[in-house]
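Here is how the chains run, residue by residue.
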Amino acid sequence: MKHRVFNKGVSFTIILMTILSLFSISSFNIFAAEKEYKMSDVTAHIFSMEKTDKVSCLIYDDLKTVPSVNIGEYTNLLFDGGTTIEEKENNVYELTVKGGKPITFDADNDIVHFDDYSGFTFLKLQPEKPETEKSESWYIKDISLEREGEPLPVDMNLGKYGIDIVEENGGVYIPLNSINDIFSAIYLGSVYLNKELYLVETVKDPYYESDSIYNTTVRTQSEADYTYNELCFLFDTLYGRPSKAEFSKKLNGKSFDEALESDADGKEIKSLLKSESMVDFLFGLARLDLQLNDGGHTALSVGFMGVVMGKRDSELSKAFAEEKEKPESEKNVEAFNKAIALASNAKFEFSIWEARNFSKDEIVKEWGDEDSPITFVVHKDTAVFCFDSFLDDGVEPFKWSLDYAKAHNIKNFVIDLSQNGGGSSDVLMYIASVTMGVDYFSCISEMSGERFNVKHTIDKNLDGVVDEKDDNVKYDFNYAVLTTRGSFSCGNLFPCIAHDNNVAIIGETSGGGACMLTKAYYPGGNYFAYSGDSKLCFKDGTDVDSGAPVDFNVVEDDDLFLDYSKLYDLDLLSININKFYGTKIDMKDCNITVKNAVYSGKAQKPSVTVKYGSKTLKEGTDYTLSYSNNKKVGTAKVTVKGKGSFSGTLSGAFKINPKATAIKKLTSKKKSFVAEWNKKTTQTTGYKLQYSTKSSFKNAKTVTIKSNKTTSKAIKSLKAKKKYYVRIKTYKKVGTKTYSSAWSKAKTVKTK
């Protein structure tokens, strides 16, 4: 809201232009006082250390970590020359980004106006890459928005938060962190370190040395106030308010500042956030993170966590270690530890890692490394593609796996997202397009209420062009998606799209993550993440934060342990997929085990076990039984007829053996003995008598008695005064086969 004319390199005084009531002074007053600054041409590194240029900046004496950048010069570097800026009227500048609608910067009223903010957030912008390097998302040729009506305009009132847009010498200037936040949805921004700018793709690791970030333990009050006010602006304007976050409820009808002021805990958090101490600031962020927890997207303290836990030699880490030992810091330290715990779910991670364990015979191919493994598994008629992040490196393996499954007549194709925490929506759309024919995902803007589809033009066959050949990339599988509470962000969106397109969801309800993950920076260079304005939704317009509904919940949960073993039971997986799609598993792919029976004069129906792989089927649910030739001694037949998810028949055989007999009496004789037994004449041919000097019947001798009417037998030519073990069984000959009863209980006799 200021307009001044001056020369570079000279100190100036900014005179307060707005008359404030003596009794009604706003808390957002960072620029609303006398401030001294210098104009300086700052070196800007353009996405690498090697390529540099200059950006005109205003450097304030007590806000030295937050330069105000010349928006025309800055965006021209950020968007690789794809911007133009001109003054449309007094102190109102219009910035046009190639491919988007104008953005207006009003220096008098400190307002940034978007004709089409939703369209801006989905501009496909990337820094220029060498021709020899395969660009990211090379398979996505275009991204566009589909909507029912005209774009809805959005005004972002920075002045409400004491953040000043300044017009000087025909240029318009805005604080770096403010423009970073406004542009954060397109994953481009910059960091100001050691008096230089570093333009970054926010989803990538820093290319610059960042240790100096962690050696600042104290900041000026102006820096603290600006940082707090910028948080207020971000949460009032750009935050997606995911339904899972407790703090979203507090924001209902309130501003960020009002929400914090609504209870004692919030007031303590506000005080910490506005402290000059960076350790206090960290404690405030950690305590706020507990209320902002949405499953993984919003993490205001994440950029500091590794510092205090890992960079032990940094000044901030030392200050933190000293502060946390103080008794008065107990509450803050407890919150910090809880915030760390939110970053991982030990109960989930231990359980899921233990469960996913495929045999070497089932693994067809593996890609990637320990950090991002990709595994393709085939078991009978079911293939499983396992990957834990939606990364570009997974696109070609996924296509390869589809082609392999098609060539080998695989019926079921499973996409395992059970441990997938998210990644690139471009990768997600490639997989959705080649499996379900879906080339868009749906969003709603929390800021404007506008609903739209983000449509992708996709090179399905990965030959570098989009043409009619891509229409031939089709696969006729029964698809299924494996999900758990660990399926987050894109790992949550994909099963939600699958649910909308009648694909089977197996496991447990996915973990949410409805808002687009967005990354930004604090003054000083440390980063944070938050749930952005664009909220992902189902076809009916409801957001996906509640996760994808499951068709088969196969996860067992108790207070200490999560049992995911059934999730990776590939036979059970096949059964559930076939059940979902109404297709049948042929009983010929099952195995049958039947116990033998004993003749009783009645029809024999012994117990039958039918298994599909490791899965034991249920009689009456999965199959019915019928028997034949099952009364007399001999070989009987059982027929298993498929039911429910199974079809066809499977036959099994079992023996009906004759009834057993028993030793009635053993009479000792000189170097011999006489054995007597109970007569068994029904369905028998004769008997087999066995004797040995050892109880194990090792090296035993067997005598066959061919008449079933004989009930005694003398055994001669034995050793004198020797103990013998004796047992007997019946047998019956049916054709060329012999069927025998079980051996009787052994008895002993000692010869004379």
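Rules used throughout
Residues numbered from 1 in each chain as written. Predicted model: local features only at pLDDT ≥ 70, side-chain atom pairs only at ≥ 80, totals over all residues. Heavy atoms only, no water. Helix = DSSP H or I, 4+ residues; strand = E, 2+ residues; numbered from the N terminus. Rg over C-alpha atoms; globule rule 2.2 N^0.38 Å. Contact = heavy atoms within 4.5 Å. Areas by Shrake-Rupley, 256 points an atom, 1.4 Å probe, with all protein chains shown as cover. Lys, Arg positive; Asp, Glu negative; His and termini not counted. Charge placed at Lys NZ, Arg CZ, Asp CG, Glu CD. Pairing = 2+ DSSP bridges. Axes fitted to C-alpha atoms, helices over the stretch in contact; angles between N-to-C directions. Buried < 20%, exposed > 50% of the residue type's maximum accessible area, 1.4 Å probe, protein only. Parallel < 35°, antiparallel > 145°, perpendicular 65-115°, else oblique. Left-handed = near helix turned anticlockwise from the far one by under 90°. Nonpolar A, V, L, I, M, F, W, Y, C, P; charged D, E, K, R; others polar. Core = buried A, V, L, I, M, F, W, Y, C linked by side-chain atoms within 4.5 Å. pLDDT = per-residue confidence, 0-100. Salt bridge = Lys/Arg side-chain N within 4 Å of Asp/Glu carboxyl O. Phe/Tyr/Trp six-rings, centres within 6.5 Å; stacked < 30°, edge-to-face > 60°. Lys NZ or Arg CZ within 6 Å of the ring centre and 35° of its normal. Disulfide = S-S within 2.5 Å. Patch = residues over 30% accessible without salt bridge, like charges linked within 9 Å, V, L, I, M, F, W, Y side chains within 5 Å. Polar contact = N/O pair within 3.5 Å; in protein donor to acceptor, adjacent residues only side chain to side chain.

### Quick look at the overall build of the protein
Here's step 1: Secondary structure summary: the protein contains 16 helices and 45 strands in total.
Here's step 2: For 752 residues, the compact-globule estimate of 2.2 N^0.38 gives 27 Å, and the C-alpha radius of gyration of the protein, at 38 Å, exceeds that figure by more than 25%.
Here's step 3: Taking the principal axes of the C-alpha coordinates as reference, the protein spans close to 135 × 65 × 50 Å.
Here's step 4: Intrachain contacts of the protein at a sequence separation of at least 6 include 65% that bridge at least 24 residues.
Here's step 5: Looking at the protein as shown, the accessible area adds up to about 34,100 Å², and 47% of this sits on carbon and sulfur atoms.
Here's step 6: Each charge class in the protein can be summarised by its mean position, and for the 98 positive and 104 negative side chains these summaries are 31 Å apart.

### A short note on the sheet that holds strand β37 (residues 649-657)
Paired through their backbone hydrogen bonds, the strands of a sheet run either parallel or antiparallel.
Here's step 1: The strand order β31-β37-β35-β34 describes an open sheet built from 4 strands, whose pairing is mixed. One side of each edge strand has no neighbouring strand; the edge strands of this open sheet are β31 (597-598) and β34 (623-628).
Here's step 2: Pairing of β34 with strand β35 (residues 634-642), which is carried by 6 bridges, proceeds in the antiparallel orientation. Considered in β35, the bridge of L625 is made with V640.

### Points about the sheet that holds strand β11 (residues 154-157)
Here's step 1: Taken together, the 5 strands give an open sheet; going across it, the order is β6-β7-β8-β9-β11, and neighbouring strands pair in antiparallel fashion. Each having just a single partner strand, β6 (83-89) and β11 make up the two edges of the open sheet. In this sheet, neighbouring strand axes are inclined to one another by 20 degrees on average, regardless of whether the strands run parallel or antiparallel.
Here's step 2: Relative to strand β9 (residues 111-114), strand β8 (residues 103-106) runs antiparallel, the two sharing 4 bridges. Following the sheet pairing, D106 is matched in β9 by I111.
Here's step 3: Across the sheet, helix α1 (residues 71-78) is in contact with β6, β7 (92-97) and β8; its angle to β6 comes to roughly 155 degrees.

### Quick word on the side chain of S433
Here's step 1: By the element assignment, S433 lies in helix α14 (residues 425-436).
Here's step 2: A relative accessible area of 3% places S433 in the buried class.
Here's step 3: In this view, S433 contacts V438, I458 and K460; residues no more than four positions away in its chain are not counted.

### Notes on the packing of helix α3 (residues 176-183) against helix α4 (residues 221-237)
Packed helices, taken two at a time, are described by the angle between their axes plus the distance between the axes.
Here's step 1: One can describe the packing of α3 onto α4 by two numbers: an axis separation of 11 Å at closest approach and a directional angle of 20 degrees. Classified by the angle their axes make, α3 and α4 are roughly parallel. Note that α3 runs across α4; the crossing there is right-handed. Within the contact between the two elements, α3 uses N177, S178, D181 and I182 and α4 uses Y226, E230, F233 and L234.
Here's step 2: When grouped by side-chain class, the residues that make up the contact of α3 with α4 number 4 nonpolar, 2 polar and 2 charged.

### Overview of the nonpolar core
Here's step 1: In terms of nonpolar packing, the biggest core is built from 88 residues, with V112, F114, I174, I179, I182, F183 and F256 touching the most fellow members.
Here's step 2: Sequence-distant contacts of F114, defined by excluding residues within four places in its chain, comprise P102, I103, F120, P153, V154, M156, I182 and F183.
Here's step 3: One finds I431, Y479, C490 and V544 within the second-largest nonpolar core, a separate group that totals 55 residues.

### As for the confidence of the model for the protein
Here's step 1: Taken over all residues, the pLDDT of the protein has a mean of 89, while the share at 70 or more is 91%.
Here's step 2: For the stretch residues 1-26, pLDDT sits under 50, and the model shows 52 contacts to residues farther than four places along the chain or on other chains.
Here's step 3: This model gives residues 125-132 a pLDDT under 50, and the stretch forms 12 contacts once residues within four places in sequence are excluded.

### Structural notes on the pattern of salt bridges
Here's step 1: Taken as a whole and judged by the stated rule, the model has 24 salt bridges.
Here's step 2: Across the pair E334 and K338 runs a salt bridge whose closest N-O atoms are separated by 3.5 Å. Taken together, the residues span about one helical turn, with E334 and K338 both in helix α11 (residues 330-342) at a distance of 4 residues.
Here's step 3: Using a relative accessible area of 43% as the deciding quantity, one classes E334 as partly exposed.
Here's step 4: A salt bridge links E508 to R485, with the shortest nitrogen-to-oxygen separation between them at 3.0 Å. Of the two residues, E508 is situated in the loop between β23 (504-507) and β24 (515-521) and R485 in the loop between β22 (478-483) and α15 (490-500); the sequence distance between them amounts to 23 residues.
Here's step 5: Classification of E508 by relative accessible area gives buried; the value is 8%.
Here's step 6: Via salt bridges that share partners, D265, E268, R287 and K331 belong to a single interconnected network.

### Digging into the packing of aromatic side chains
Here's step 1: Counting across every chain of the model gives 45 aromatic pairs.
Here's step 2: Seen from their ring centres, Y161 and F233 are 5.8 Å apart, and the 70 degrees between their planes marks the pair as edge-to-face. Note that Y161 is positioned in the loop between β11 and β12 (166-168) and F233 in helix α4, a separation of 72 residues in sequence.
Here's step 3: Seen from their ring centres, F376 and Y404 are 5.7 Å apart, and the 85 degrees between their planes marks the pair as edge-to-face. One end of the pair, F376, is in strand β17 (residues 374-379); the other, Y404, is in helix α13 (residues 395-407), with 28 residues separating them in the sequence.
Here's step 4: We note R219 situated over the ring of F281; from NZ or CZ to the ring centre the distance is 4.2 Å.
Here's step 5: Lying over the aromatic face of F697, R727 brings its terminal NZ or CZ to 3.9 Å of the ring centre.

### A few points about unusual backbone geometry
Here's step 1: Its identity is not glycine, yet F47 carries a phi of approximately 65 degrees, on the positive side.
Here's step 2: Among the structural elements, F47 can be located in the loop between β3 (35-46) and β4 (52-60).

### Overview of the environment of G100
Here's step 1: Positionally, G100 belongs in the loop between β7 and β8.
Here's step 2: Note on G100: relative accessible area 27%, which makes it partly exposed.
Here's step 3: Separated by 22 residues in the primary sequence, G100 and F122 place their C-alpha atoms 9.4 Å from one another.

### Let's talk about the state of the cysteines
Here's step 1: Under the defined criterion, the tally for this structure stands at 0 disulfides.
Here's step 2: Summary of cysteine pairing: C386 is not part of a disulfide, and the nearest cysteine sulfur, belonging to C490, is at 18 Å.

### Topic: the pairing of strand β40 (residues 686-692)
Here's step 1: Counting buried residues along β40, 6 of its 7 residues qualify, which places the element largely inside the surrounding structure.
Here's step 2: As judged from the 7 bridges shared by β40 and strand β43 (residues 723-734), these two strands associate in the antiparallel manner. Bridging from a neighbouring strand, Y687 pairs with T730 of β43.
Here's step 3: When β40 meets strand β41 (residues 701-705), the two strands line up antiparallel, connected through 5 bridges. Residue pairing across strands places Y687 opposite I705, the latter belonging to β41.

### Observations regarding a negative patch on the surface
Here's step 1: A surface patch of like charges, here negative, comprises D369, E370, D371 and D393.
Here's step 2: With respect to the secondary-structure elements, D369 resides in the loop between β16 (363-367) and β17.

### Quick word on the environment of D265
Here's step 1: By the secondary structure assignment, D265 is in helix α7 (residues 264-273).
Here's step 2: D265 sits in the partly exposed class, given a relative accessible area of 27%.
Here's step 3: Residues D265 and R287 lie 22 residues apart in sequence; the distance between their C-alpha atoms is 8.9 Å.
Here's step 4: Side-chain polar atoms of D265 contact the side chain of Q291, separated by 3.0 Å.

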